[in-house]
Amino acid sequence: MTRDGNRGRAIVIGGSMAGLFAARVLADSYAEVMVIDRDRLPESPEHRRGVPQARHAHALLARGQQALEALFPGVTAELAARGAPTGDMLGDARLHFSGHRLRQATSGMVLVSASRILLEDEVRRRVRELRGVTLAPASDVVGLTTARGGERITGVRVLRRSDGSAAEVHEADLVIDAAGRGSRAPAWLETLGHKRPDEDRVKMDLHYTSRRYRLAPDALGGSLASVQAATPSHPRAGVLARLEGDQWLLTLAGVLGDRPPTDPDGFLAFARSLSFSDIYEAIRHGEPLDDPSAFRFPEAVRRRYERLGRLPDGFLPLGDSLCSFNPIYGQGMTVAALQALVLQRHLRSHGALPARRILRHFARVVDAPWEMARGADLALPGVPGRRSWSQRLIGSYIARLHAAAVHDARLGTAFVRVSGLVDGPAALLRPRVALRVLSITGTGRRG
Ligand SMILES: Cc1cc2nc3c(=O)[nH]c(=O)nc-3n(C[C@H](O)[C@H](O)[C@H](O)COP(=O)(O)OP(=O)(O)OC[C@H]3O[C@@H](n4cnc5c(N)ncnc54)[C@H](O)[C@@H]3O)c2cc1C
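Residues numbered from 1 in each chain as written. Predicted model: local features only at pLDDT ≥ 70, side-chain atom pairs only at ≥ 80, totals over all residues. Heavy atoms only, no water.

Details of the overall build of the chain
What counts, and what does not: Labels follow the DSSP assignment, with helices taken as runs of H or I lasting at least four residues and strands as runs of E lasting at least two, numbered in each case from the N terminus. C-alpha atoms define the radius of gyration in this analysis, and the globule rule sets the expected value at 2.2 Å times the number of residues to the power 0.38. The contact criterion used throughout is that any non-hydrogen atoms of two residues lie within 4.5 Å. Using a 1.4 Å probe, accessible areas were evaluated by the Shrake-Rupley method; residue-level cover was limited to the displayed protein chains. The charge count includes Lys and Arg as positive and Asp and Glu as negative, but it does not include His or the ends of the chains. The location of each charge is read from NZ of Lys, CZ of Arg, CG of Asp or CD of Glu.
Within the chain, the regular secondary structure consists of twelve helices and 19 strands. Against the compact-globule benchmark of 22 Å for 447 residues, the chain has a radius of gyration of 22 Å, which places it among compact chains. Along the longest, intermediate and shortest principal axes, the C-alpha atoms of the chain span 70 × 45 × 40 Å. Considering only contacts in the chain between residues 6 or more positions apart, those separated by 24 or more positions represent 71%. Of the roughly 19,000 Å² that the chain leaves accessible, carbon and sulfur atoms contribute 50%. Computed over 63 positive and 47 negative side-chain charges, the separation of the two mean positions in the chain equals 6 Å.

Okay, structure coming up:
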């Protein structure tokens, strides 16, 4: 691994997944990397205030697993050694899409079924070990410092979370904003005389409720997870996954204000209302390990920094601060890891860091998952937004592909590769895939 250490100091705002991924690649090029987070960052897998979503299912997509390995070689084996079940994305998971259960078979895509707190702990542990990286916990970034009349970001202002502390300035050659969905960077930039980025939004008013269980290892007949996606006629979803420590996590989801209840009876009744009974059957006599906890996600938000004509030098947003996806598709961590890999390529090949060019490359990483998620959201009646003719056509083709994948594992594999961001969406429209879909669904063999 190269490390030139020429670049001075980088600061990362936010020490969650995106910030840690960024720190990993910055450490190869910067003499010093400081990761600042307002939370106390634990030394073991624990929940913390700044990442409330960690109580809910956190699927690592196939491309995310590959990107994580590229950033932290051996991480999959390490997670497995710490108890995370691993297997095959299609062979070891029951996937239900468009009201069909896809045929289980080996896809070659690796499934890592770790809790979000274990994933983050493992990544944080690896980042802590990197030369030149320091974590600055319990510190709130409250603004940016600038030079050249706001045209260059020179550092951050930080308020430590201790009594009576005054704001401190930390200087940096590069500031990465990985503060997540609630990032205040758009407002900070505005006060410096820059425009706020435009925002694209998809409102689906999603509600999650999750609960952990102790279940028998074969609660799903030996599979590690059951995933039930919402359909237009039954827009409720559920994921039951076996995690480390022989725990299982059930996340239930409803859209457009349909809230999975937090009282145990209501939670169970919601699980029972899913299209397939396997999740309910697995948990109905299981031992709950905590109370159900809820999370509301009103809308997906994509900030179009790449479209700004003018941007200050020395500043880059990444991860959820750039795009906060509908979590139901499990894309956020994977896209953040892919952006870190884009940043790594730029750090290796350019002297200067051309912010606008990097942001255009980040945008390219976001485009396909954003459009796939938007298309799937708009397939649900009541989600506001314009439905194009081509979107409807693709939606009905994908539903036929799911029906055909009940019989044909090659189609299931093709789908898992695309939804896992390994292949682009066009892979599902290749003639040999389309012919298989049409030959199976056209003969009346629907699942
Ligand atoms: C309910 C839910 C379920 C999800 N499920 C999945 C899934 O299945 N798969 C998947 O890949 N992704 C999922 N995601 C998305 C995933 O959680 C994020 O994409 C991932 O955590 C990367 O986000 P991030 O690091 O950019 O921001 P976050 O995880 O939001 O972290 C932001 C960090 O910045 C810190 N911070 C914020 N402001 C400041 C400040 N001013 N000063 C200092 N520190 C600050 C916070 O304390 C926090 O640590 C889900 C999200 C939600 C909401």
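Now that the structure is up, let's keep going.
Re the packing of helix α8 (residues 332-349) against helix α9 (residues 355-378)
Cut-off, in case you're wondering: Under this scheme, a helix contributes an axis fitted over its contacting stretch, all axes are lines through C-alpha atoms, and angles between N-to-C directions fall in the 0 to 180 degree range. Roughly parallel means an angle under 35 degrees; roughly antiparallel means over 145; roughly perpendicular covers 65 to 115; every other angle is labelled oblique. Note: crossing handedness is left-handed where the near helix turns anticlockwise from the far helix by less than a right angle, and right-handed where it turns clockwise. Amino acids outside the nonpolar list (Ala, Val, Leu, Ile, Met, Phe, Trp, Tyr, Cys, Pro) and the charged list (Asp, Glu, Lys, Arg) are all regarded as polar, and Gly is one of them.
At a minimum axis separation of 10 Å, α8 and α9 run at an interaxial angle of 150°. The orientation of α8 with respect to α9, classified from their angle, is roughly antiparallel. Between α8 and α9 lies a crossing of right-handed hand. Two secondary-structure elements touch here, α8 through Val335, Leu338, Gln339, Val342, Leu343 and His346 and α9 through Arg357, Ile358, His361, Phe362, Val365, Val366 and Pro369. Here the residues of the contact of α8 with α9 are counted per class, giving nine nonpolar, three polar and one charged.

Section: the packing of helix α2 (residues 62-71) against α8
Interaxial distance between α2 and α8 falls to 9 Å at its minimum, and their mutual angle equals 40°. One finds that α2 runs oblique with respect to α8. Relative to α8, the crossing made by α2 is left-handed. In this structure, α2 contributes Arg63, Gly64, Ala67, Ala70 and Leu71 to the contact, and α8 contributes Thr334, Ala337, Leu338, Ala340 and Leu341. Of the residues that constitute the contact of α2 with α8, the class distribution is seven nonpolar, two polar and one charged.

Regarding the nonpolar core
Selection criterion: What is meant by a nonpolar core is a set of buried Ala, Val, Leu, Ile, Met, Phe, Trp, Tyr and Cys residues, joined one to another through side-chain atoms within 4.5 Å. Three labels apply to residues, based on accessible area from a 1.4 Å probe with only protein chains included: buried if under 20% of the type maximum, exposed if over 50%, partly exposed otherwise in between.
Membership of the largest hydrophobic core comes to 89 residues, with the highest contact counts inside it found for Phe21, Leu26 and Ile176. Per-element tally for this core: the top contributor is α8, with ten residues. Filtering out sequence-adjacent residues up to four positions away, Ile176 remains in contact with Ile11, Val12, Ile13, Ala22, Leu26, Leu316, Leu318 and Leu343. Residues Leu95, Ala414, Ala427 and Val433 belong to the second largest nonpolar core, which totals 30 residues.

Some points on α2
For α2, the full list of buried residues reads Ala62, Gly64, Gln65, Ala67, Leu68 and Leu71. Its buried side turned inward, α2 meets α1 (17-26), α3 (75-81), β6 (110-112), α4 (116-128) and α8.

Topic: the sheet that holds strand β10 (residues 168-171)
Let me state the cut-off plainly: Paired strands, as defined in this entry, are two strands with at least two bridges between them according to DSSP.
The sheet built from three strands is open, its strands ordered β8-β9-β10 with antiparallel pairing. Looking at which strands have only one partner, the edges of the open sheet turn out to be β8 (139-147) and β10. Each neighbouring strand pair of the sheet contributes to a mean axis angle of 30°, computed without reference to strand direction. Both β8 and strand β9 (residues 152-160) contribute to a ladder of eight bridges, which runs antiparallel. Each bridged residue has a counterpart across the sheet, and for Thr146 the counterpart in β9 is Ile153.

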